[in-house]
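Observations on chain architecture
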Amino acid sequence: MNPPAIKLALPAGDLRGPAARALDSAGLKVEGYGEGSRSYVLSIAGRASVAARVFREKDIPIQIALGNYDLGVCGLAWVEELRARFPQHPVVLLGNLGVGRSGLYVAVADGAPGLGSLGGRRGLRIASEYPNIAEAFALATRLPAYRVQAVWGAAEAYPPEDADLAVIAAADEAAVSAHGLSPLFCLLEGSAWLIANAEGLARKDLSPLLGPLTGGAGRVEAPSLRLPPPLPPTAGRAGVSPPPRRGDMLRMALPDGHQQRHAVAALRDAGLLPPEGYGESESVRRPQSPIPGLEMKVIRPHDMPQLVATGEMDLAVAGRDCLTEHLSRFPSSPVQELLDLGRGQFNLAAVVSEEVPASDLGDALEHWRGQGRQVVRVASEFPGIADAYARGQHLGRYQVIPIAGASEGFVPEDAELLIEGTETGRTLAENRLKLIDSLFRSTTCLIAGKGREQSGRRRRVFDQVVAALRSAAEAARSV
Amino acid sequence: MDRPLRCRGMRDTLPQEMRRFRRVEEAFRAACQGWGYEEIRTPILEHLHLFTTAGTLSPQMLGRVYSFLDWDGWSGERVVLRPDSTIPAARLYAETLDQGGLVKLFYVQNVFRFAEGDESREDWQCGVELIGDSQPQGDVELILLGREVLAHLGLEADVRLSHTGLVRAVLAQAGLDTSEQLALYDRILDGDESSLVELQARLPELGASLQMLLAMEGQGGAYLSNLRSAFTKGVPQMEGPLDELAIVVGALEGLGCRCLISAAMVRNFEYYTGPAFQLEVAGHRVGGGGRYDALISLIGGEQVPASGFALEAGVLAALLAAEASERQIATVALEARDGESLASAFRLASALRAQGLAVQVAGEPLQGSPVVKVAGEGYVLVGRAGGERHLASVEAVAEALRESARD
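Keep in mind the model is a prediction, meaning the values are calculated, not measured. (Residues numbered from 1 in each chain as written. Chains lettered and ligands numbered in written order. Predicted model: local features only at pLDDT ≥ 70, side-chain atom pairs only at ≥ 80, totals over all residues.)

Counting its secondary structure elements, chain B contains 15 helices and 17 strands. Along the longest, intermediate and shortest principal axes, the C-alpha atoms of chain B span 95 × 55 × 50 Å. Per-residue burial over chain B gives 37% buried out of 407 residues. Partitioning the intrachain contacts of chain B with sequence separation of at least 6 by distance along the chain shows that 67% fall at a separation of at least 24. (Helix = DSSP H or I, 4+ residues; strand = E, 2+ residues; numbered from the N terminus. Buried ≥ 20, exposed ≤ 12 C-beta atoms within 10 Å, placed from the backbone. Contact = placed C-beta atoms within 7 Å.)

Next up, the structure:
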């Protein structure tokens, strides 16, 4: 069987529905895409030469730039995020699909002073899923000694306690305000675009897709990133320092996403479930606290170790996968596992295509070398763990591809090896993958900073929370 | 090899290039020591924030640094492969040497900046920093020192002088606030012609004079006088910078050194506050520097005036003529491979090296170099042309080898 001539990368997530409708109205029916099929590889009715694959939106410009895919659909913000760091990337913007309108905003907590007051302020913390754009903003405005916090999500929840600024995607200014933030500056406004790899465009016949998708409206100039001019240092520094942390409050981070139901169960057993705002089916960023002196915030588990390390959070309920990832990258970080909550168990494993005739890594490496492959590509949402594994297993020349998700679809075309969480193995089998090595067992755990001195009420609440979670975890284990 | 093993933009320095590089370095080191400078070295990794602090490096330059999260980067604090050596030297001064008085430092070290395509991303700089109150003699000293290094290398340097205060004064006069000034200054430096038109519209009374200041260069004292008569009435803040330049130009011209004045010259470095200069050889920019009085306080030290410059060692080395290695390397031939023969060969080589000669032990001699053999109580020297001489002592062999090196 010949490989399909044209490869198309399509977004998962919020853009999936609108993108499916845009493709549909151009006469391209991607089987199962709009309905959210669990399969990552899709075909287009009547166009046998096209193979479509579903990615996290963030990964699409990278896949196009690498030349793994010829065409892709994604929001402009992710293209600009790539361009901000790699200005020479070979991604061409072909046409506006007119769906998924969104802006990229610099925002502060409500009531904080405006953009002008930032000039010359040292040590500003900027949280964003778009760290390269956040960096470009800080450089353009000449913020001295800023710190960009690259986060996996929920950047809008960071100001004011955990960051001074956030760079976030939102439909419009009203949507920024709905997060309890004030928009300071709009960096970008745009919608989803059809993008292409420059070389593919120059050498390959992509007309079966280009025709229907770029036919209609005339070419519109793509909006690009707007950056503010340099901000002159403000005269007095008074009144612009970040709001002081409420000294005697203990701060605890709770996970959203897959980990949430495990955290809810652990908190309920310990009698610490927020009365409102955090449960099996609800989640707000700042749920009501179950006890006085405790403040809770819901963020992405990937981002917890850093916040605990820097002392913004005192405690966090996170997966061991995220903690291990953090420690693999930063061995000197002061974060440690305090307590195994024993829930949400899965294995972090090395995974390959079913078709690799090998049952362990050594045989798999031999197989790939036999095929003439010089670089082993390792894709993972945990690039630090993947890198440590590749070094430790003597993979030779290898390349770690950090990805945002939808990892099962990367093998075999775009990576040889996945470092991937697997619970029952069902998803692996569905995607024609198999496990060849287990790295470690991950469960939900409680993490905290090493050697943090706490006193007074904060100390008491800390001890109370840890004790309640510990006895609940022990009780659950003895059942 | 189908794909280079080297990283893009990274160069190997081969023996012949290394010899030229060392000549540059030695000329620089000798000149610096002659002027009372002392050598330092700074680490290759620094905190990124040292460079992002306003007024140090421009965003264009910062967009090209190699910054990353290292193993200690758990807080999100980035480090950077030093893109410049002046800022690290200023940090070193602020942290360890800040005890008043004049501090004169020099270094030879590499800097890393992303460059497009196959252009070099690692550059070696011979730099000096003169920290403490040294105006105006320090500004002149740096230029003379730079020219002296180049003269040692047999290169004739052209000097181009500037003063960041000239353009800044005009931009302030145009009623632009600090951020607009910076933005417009960047555009002027980028050669954006519309920036000049925009400025002319804001300062109609200066009219065509702006062209003379921003798009032209002039010769020494004469051109400075022209600038003075065209500008000081309309832009009084230009008087200070023009006075500072006039002193430097006066001294240099008095020493027979001609210089070009170019107002819009300093690129990508925002830390210069006074006279700045560039050295050029046959149209190649080989170095430059200037006064940066605000830098040390910007990175957290005391308010200390300072100035400095750096020569591009790689550019200079490439301008030098290639030369063959002058050293003759003699070979002590190995007669047998047993331990005793090896010991006697290495003993002889060592005795000859003690006489100041370069000697190796080998089975095969180097092409066209003399060979020494142990022969009973004495030695046999096989000359480069093949003739054999019997010699009784190590001293006699050494003398004969020295003779052969002179031929």
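Summing up its helical and strand segments, chain A has 14 helices and 19 strands in all. Overall, the C-alpha framework of chain A stretches about 70 × 60 × 40 Å when taken along its three principal axes. Counting all 479 residues of chain A, 48% fall into the buried class. Expressed as a percentage of contacts within chain A between residues at least 6 apart in sequence, the contacts between residues at least 24 apart total 73%.

Before going further, it helps to spend a moment on the interface of chain A and chain B. If you look at the interface, chain A gives 24 residues, while chain B gives 21 residues. Within the residue set of the side of chain A that touches chain B, elements represented by two or more residues are α4 (131-140), β8 (147-150) and α9 (304-309) of chain A. Looking at the side of chain A that touches chain B residue by residue, the classes come out as 14 nonpolar, 8 polar and 2 charged. (Nonpolar A, V, L, I, M, F, W, Y, C, P; charged D, E, K, R; others polar.)

Moving on: the domain arrangement of chain A. Residue and element names in this part refer to chain A. Along its sequence, chain A is organised into domain 1 (6-99 + 191-214), domain 2 (102-189) and domain 3 (246-479). When each unit is reduced to the centre of its C-alpha atoms, the spacing between domain 1 and domain 3 is 30 Å. The dominant element in the side of domain 1 that touches domain 3, judged by the number of residues it contributes, is strand β3 (residues 47-55), at 3 residues. (Domains from an automatic or database assignment.)

Before going further, it helps to examine the sheet that holds strand β7 (residues 125-128) of chain A. Residues and elements named next belong to chain A. The 5 strands are arranged β8-β7-β9-β6-β10 in an open sheet whose pairing can be described as mixed. Bordering the open sheet on either side are β8 and β10 (181-190), each of which pairs with just one other strand. Neighbouring strand axes in the sheet, compared pairwise and without regard to direction, differ in orientation by 25° on average. Bridge count between strand β6 (residues 102-109) and β10: 8 bridges; the pairing is antiparallel. Looking across to β10, one finds that Ala107 is bridged to Pro183. (Pairing = 2+ DSSP bridges. Axes fitted to C-alpha atoms, helices over the stretch in contact; angles between N-to-C directions.)

This part covers the environment of B:Leu242. Residues and elements named next belong to chain B. Mapped onto the elements, Leu242 comes out in helix α11 (residues 239-254). As for Leu242 and Asp118, which are separated by 124 residues in sequence, their C-alpha atoms are 41 Å apart. Setting aside chain neighbours within four positions, we find Leu242 in contact with Leu224, Leu227 and Arg228.

Residues and elements named next belong to chain B. Sheet architecture is open: 5 strands sit in the order β14-β13-β15-β16-β17, paired in mixed fashion. Strands at the two margins of the open sheet, each flanked by one partner only, are β14 (358-362) and β17 (388-391). The average angle at which neighbouring strand axes cross in this sheet is 30°, direction not considered. Two elements, strand β13 (residues 329-333) and β14, share 5 bridges in a ladder whose sense is parallel. Each bridged residue has a counterpart across the sheet, and for Ala330 the counterpart in β14 is Val359. Helix-sheet contacts for helix α14 (residues 339-354) involve β13, β14 and β15 (371-375), and the interaxial angle to β14 is about 170°. Packed onto the sheet, helix α15 (residues 394-406) meets β13, β15, β16 (378-382) and β17 and runs at close to 145° relative to β17.

This next bit is on unusual backbone geometry. Following A:Val411, the chain continues into A:Pro412 via a peptide bond in cis, with omega recorded as 5°. Note on placement: A:Pro412 falls in the loop between β17 (398-402) and β18 (417-422). A cis amide bond links B:Gln135 to the next residue, B:Pro136, at an omega of 5°. For B:Pro136, the location among the structural elements is in the loop between β6 (122-131) and α5 (137-152). The phi angle at A:Ala154 is positive, at roughly 60°, despite the residue not being glycine. Checked against the element boundaries, A:Ala154 lands in the loop between β8 and β9 (165-170). The backbone phi angle of A:Arg432 is positive, close to 55°, even though this residue is not glycine. If you trace the backbone, A:Arg432 turns up in the loop between α13 (426-430) and β19 (433-449). Judged by the 13 C-beta atoms lying within 10 Å of it, A:Arg432 falls in the partly exposed class.

Next up on the list: the nonpolar core. All names here are of chain A. Ala107, Ala166, Val167, Met252, Met304, Ala316 and Ile447 are the most contacted members of the largest nonpolar core, which has 205 residues in total. With 7 residues, α4 is the single largest residue contributor to this core. Contact partners of Ala316, with chain neighbours within four places excluded, come to Met252, Ala253, Met304, Val308 and Ile447. Counting residues in each nonpolar core, the second largest holds 30 residues, with Ala349, Val351, Val378 and Ile385 among its members. (Core = buried A, V, L, I, M, F, W, Y, C linked by C-beta atoms within 7 Å.)

Attention now goes to the environment of B:Phe112. Residues and elements named next belong to chain B. Turning to its location among the elements, Phe112 is positioned in strand β5 (residues 103-112). Residues Phe112 and Arg8 lie 104 residues apart in sequence; the distance between their C-alpha atoms is 12 Å. What Phe112 contacts, discounting residues up to four positions off in sequence, is Tyr66, Leu81, Arg82, Pro83, Arg121 and Glu122.

Split by domain assignment, chain B resolves into domain 1 (15-319) and domain 2 (329-406). Here domain 1 of chain B and domain 2 of chain B have C-alpha centroids that lie 53 Å from each other.

Moving on to the confidence of the model for chain B. Low pLDDT marks stretches whose predicted atomic positions should not be read closely. Mean pLDDT over chain B: 88, with 97% of residues reaching 70 or higher. Of all secondary-structure elements in chain B, the lowest mean pLDDT belongs to helix α7 (residues 178-189) of chain B, at 75, while strand β1 (residues 38-39) of chain B reaches the highest, 98. (pLDDT = per-residue confidence, 0-100.)

Residues and elements named next belong to chain B. Along its 12 residues, helix α10 (residues 220-231) runs 17 Å from first to last C-alpha, staying within 8% of the 16 Å computed at 1.5 Å per residue. Buried within α10 we find Gly220, Tyr223, Leu224, Leu227 and Phe231. Down the axis of α10, the buried side of the element spans an arc of 105°, and every buried residue falls inside it. Opposite its buried face, α10 presents the exposed residues Ala222 and Ser229, each directed more than 90 degrees away. Structurally, α10 contributes buried residues whose contacts are with α9 (209-214), β8 (217-219), α11 and β9 (259-262). (Expected span 1.5 Å × (residues − 1). Arc of directions from axis to C-beta.)

Residues and elements named next belong to chain B. As judged from the 4 bridges shared by β16 and β17, these two strands associate in the antiparallel manner. Looking at β17, one finds that Leu381 is bridged to Arg389. If you look at the hairpin formed by β16 and β17, you'll find 5 residues sitting between the two strands, and Gly386 has a positive phi there, around 110°.

We now examine the environment of B:Ala398. Residues and elements named next belong to chain B. The topology assignment puts Ala398 in helix α15. Spatially, the C-alpha atoms of Ala398 and Gln355 are 6.7 Å apart, while their sequence positions differ by 43 residues. If near-sequence neighbours (up to four positions away) are discounted, Ala398 is found in contact with Leu352, Gln355 and Leu357.

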